[in-house]
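Breakdown of the fold
Residue strings, one per chain:
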Amino acid sequence: MKNSILPGQYVSTDSVLHRLDPRTKLIALLVLMLSFLIMDTLLGYAVATMFVLLTLLVSKIQLGRLFSGLKPVLLILLFTLLYHALLSSGSTVLWTWSFIRITSEGVLLGIFVVWRIMLMILLASLLTLTTQPLILAQGLERLLSPLSRLKVPVEQFALMIVIAIRFIPTIVQELDRILLAQKARGYDIAAVRWPRRMFAYIPVLVPLFMTTIQRAEQLTQAIDARAYGDGKGRTMYRQLVFRQRDLWVGGVAVGVALMLALL
């Protein structure tokens, strides 16, 4: 299960995306996400899909691993599709029963929403897959540095965000250990049929929360032992510098976002 969770993992390959400044990737991701939210034409979805696929190829990360990361959210995507198909109004009725009506307009709307969510998940996953956690925290801290004049704890906020992202695969790994321990005791949740399997995961949440809290306390003690403090005034071994490739990639991202907005 751990390998199917994309956020929080880093894959070391020699690609253009790995050599980019983290600030470039953060800004490009924000701009593209906003353009994905406002696109509403089939041509726009096609252009966005081609751009995301091209970006995945440039990252030199196995496509099978990227698309396998969509498995944990398949249930959410299915619920989103059914939600729009059942509750969206339309004139062309495909199926009806009692008060339930499924229209072609609702189905198309659900497909487009799911399509948009999948593109956003794949694009956002590239941020953590191509950027080391510490470098990502440094880039986020640099971008938010103007807020420090307003007494905003930028350093703590950046560290908190990166630790939260980094904890995702750790929590999933702990969940795998708990499930393996239950399986060794003769209880295999994977053998339970749906929908009983959903309720079978409820007893697992208690030890999962306890181990997560223990790990958080250990991390807090480790940070305090290293005299991290509030993070202000800390020096960085690696200095972030915008290079020519950052300008090119940033320009391409802004250009694609403007194209989607115009379409």
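Relevant structure appears above.
Heads up: these notes are all about the structure in this document. (Residues numbered from 1 in each chain as written. Predicted model: local features only at pLDDT ≥ 70, side-chain atom pairs only at ≥ 80, totals over all residues. Heavy atoms only, no water.)

A count of helical and extended segments in the protein chain gives eleven helices and two strands. In the protein chain, the order of α-helices and β-strands from amino to carboxyl end is α-α-α-α-α-β-β-α-α-α-α-α-α. The principal-axis extents of the C-alpha atoms in the protein chain amount to approximately 65 × 55 × 40 Å. Scored against the burial criterion, the 263 residues of the protein chain give a buried share of 37%. Intrachain contacts of the protein chain at a sequence separation of at least 6 include 74% that bridge at least 24 residues. Of the roughly 16600 Å² that the protein chain leaves accessible, carbon and sulfur atoms contribute 68%. (Helix = DSSP H or I, 4+ residues; strand = E, 2+ residues; numbered from the N terminus. Buried < 20%, exposed > 50% of the residue type's maximum accessible area, 1.4 Å probe, protein only. Contact = heavy atoms within 4.5 Å. Areas by Shrake-Rupley, 256 points an atom, 1.4 Å probe, with all protein chains shown as cover.)

To continue, consider the pairing of strand β1 (residues 93–97). As judged from the four bridges shared by β1 and strand β2 (residues 100–103), these two strands associate in the antiparallel manner. Across the sheet, Thr 96 pairs through a bridge with Arg 101, a residue of β2. Where β1 folds back onto β2 in an antiparallel hairpin, the turn is made up of two residues, including Ser 98, whose phi is positive at roughly 55 degrees. (Pairing = 2+ DSSP bridges.)

We now examine helix α8 (residues 154–184). For α8, built from 31 residues, the straight-helix expectation of 45 Å at 1.5 Å per residue is met to within 8% by its first-to-last C-alpha distance of 45 Å. Where α8 bends most, at Phe 167, the angle is about 30 degrees, and the proline Pro 169 comes one to four residues later. Among the residues of α8, those classed as buried are Val 154, Glu 155, Ala 158, Val 162, Phe 167, Pro 169, Thr 170, Val 172, Glu 174, Leu 175, Ile 178 and Leu 179. Downstream of α8 by one or two residues, Gly 186 has phi in the positive range, about 95 degrees. (Expected span 1.5 Å × (residues − 1). Bend = angle between axes of the 7 residues up to and from the residue.)

A word on the side chain of Arg 116. Looking at the secondary structure, you find Arg 116 in helix α6 (residues 104–129). Notably, Arg 116 is buried but unbridged: the nearest opposite-charge side chain belongs to Asp 40, and the N-O separation is 7.2 Å. Side-chain polar atoms of Arg 116 contact the backbone oxygen of Phe 36, separated by 3.2 Å. (Lys, Arg positive; Asp, Glu negative; His and termini not counted. Salt bridge = Lys/Arg side-chain N within 4 Å of Asp/Glu carboxyl O. Polar contact = N/O pair within 3.5 Å; in protein donor to acceptor, adjacent residues only side chain to side chain.)

What follows concerns the packing of α8 against helix α10 (residues 202–225). Angle between the axes and distance between the axes are the two parameters that describe a pair of packed helices. At a minimum axis distance of 10 Å, the contact between α8 and α10 shows a crossing angle of 140 degrees. Judged by the angle between their axes, α8 and α10 are oblique. You can see that α8 and α10 cross each other, and the crossing is right-handed. Residues Leu 159, Ile 163, Phe 167, Thr 170, Ile 171, Glu 174, Leu 175, Arg 177, Ile 178, Leu 179 and Gln 182 of α8 touch α10, and the partners they reach there are Val 204, Pro 207, Leu 208, Thr 211, Thr 212, Arg 215, Ala 216, Leu 219 and Ile 223. In terms of residue class, the contact of α8 with α10 is built from 13 nonpolar, four polar and three charged. (Axes fitted to C-alpha atoms, helices over the stretch in contact; angles between N-to-C directions. Parallel < 35°, antiparallel > 145°, perpendicular 65-115°, else oblique. Left-handed = near helix turned anticlockwise from the far one by under 90°. Nonpolar A, V, L, I, M, F, W, Y, C, P; charged D, E, K, R; others polar.)

Once that is clear, we can look at the pattern of salt bridges. Oppositely charged side chains can form a pair if their charged atoms are brought close together. Counted according to the given criterion, the structure contains four salt bridges. Between Arg 177 and Glu 174 there is a salt bridge, with its nearest N and O atoms 3.5 Å apart. Linking Arg 177 with Glu 174, this pair stays in helix α8, spanning three residues, or about one helical turn. Taking the relative accessible area as the measure of exposure, Arg 177 reaches 52% and is therefore exposed. As a salt-bridge pair, Glu 174 and Arg 215 come within 3.2 Å of each other at their nearest N and O atoms.

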